[in-house]
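# Breakdown of the fold
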Amino acid sequence: STVGSSCTSGTQLLNGKGSNLEPNPPNTLDMCSDGLVGVYHSDESIDEIKVSTVDGGPLRGGVMAEIEVKIWAWNDGSADTADFYYVTNANAPIWEFIGSKRAGGPDLQTL
């Protein structure tokens, strides 16, 4: 198989949450599952994640990557911030903080 320059969750993997629409909960490395409260696309959610190489080459360790996340922001989005982390070993994750990005507006936003 060929390694591509990007990888995405697509539009269905993260659609909803474990208690309603999401087909594969909890979609985490650490088994931190969704809570039971909240209204889909009224409260905050992560709808899609895409990781791409900056240079357009294949995804591989040691190269710069860009993260694009489609989120649903609550109200006017002013209270919503996404924090970004990475790990070098998914089997024994040690989370390294990359940075934060504010939603910047209501409803569907791309960070």
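Located above this text is the structure these notes cover.
Residues numbered from 1 in each chain as written. Predicted model: local features only at pLDDT ≥ 70, side-chain atom pairs only at ≥ 80, totals over all residues. Heavy atoms only, no water.

Direction of pairing for strand β1 (residues 6–8) relative to strand β2 (residues 45–53): antiparallel, over a ladder of 3 bridges. Within β2, the residue paired with serine 6 across the bridge is serine 52. Note that β2 and strand β3 (residues 65–73) share 8 bridges and pair antiparallel. The residue bridging isoleucine 46 from the neighbouring strand is isoleucine 71, located in β3. (Pairing = 2+ DSSP bridges. Helix = DSSP H or I, 4+ residues; strand = E, 2+ residues; numbered from the N terminus.)

This part takes up the sheet that holds β1. The strand order β1-β2-β3-β6 describes an open sheet built from 4 strands, whose pairing is antiparallel. Two strands close off the open sheet at either side, each with one partner strand: β1 and β6 (107–110). Between one strand axis and the next, the sheet turns through 10° on average, direction left out of account. (Axes fitted to C-alpha atoms, helices over the stretch in contact; angles between N-to-C directions.)

Turning to the side chain of serine 9, a few remarks are in order. You can see serine 9 is positioned in the loop between β1 and β2. If near-sequence neighbours (up to four positions away) are discounted, serine 9 is found in contact with Leu14, Asp47, Glu48 and Ile49. (Contact = heavy atoms within 4.5 Å.)

A separate point is the packing of aromatic side chains. Taken as a whole and judged by the stated rule, the model has 2 aromatic pairs. Considering the side-chain rings of tyrosine 85 and tryptophan 95, the 6.5 Å spacing of their centres and the 90° angle between planes classify their relative orientation as edge-to-face. Of the two residues, tyrosine 85 is situated in strand β4 (residues 81–86) and tryptophan 95 in the loop between β4 and β5 (96–102); the sequence distance between them amounts to 10 residues. The exposure class assigned to tyrosine 85 is partly exposed, which follows from its relative accessible area of 41%. For tryptophan 95, a relative accessible area of 43% corresponds to the partly exposed category. Plain terms: the ring middles of tyrosine 85 and phenylalanine 97 are 5.3 Å apart, the flat faces sit at 65° to each other, and that makes the pair edge-to-face. (Phe/Tyr/Trp six-rings, centres within 6.5 Å; stacked < 30°, edge-to-face > 60°. Buried < 20%, exposed > 50% of the residue type's maximum accessible area, 1.4 Å probe, protein only.)

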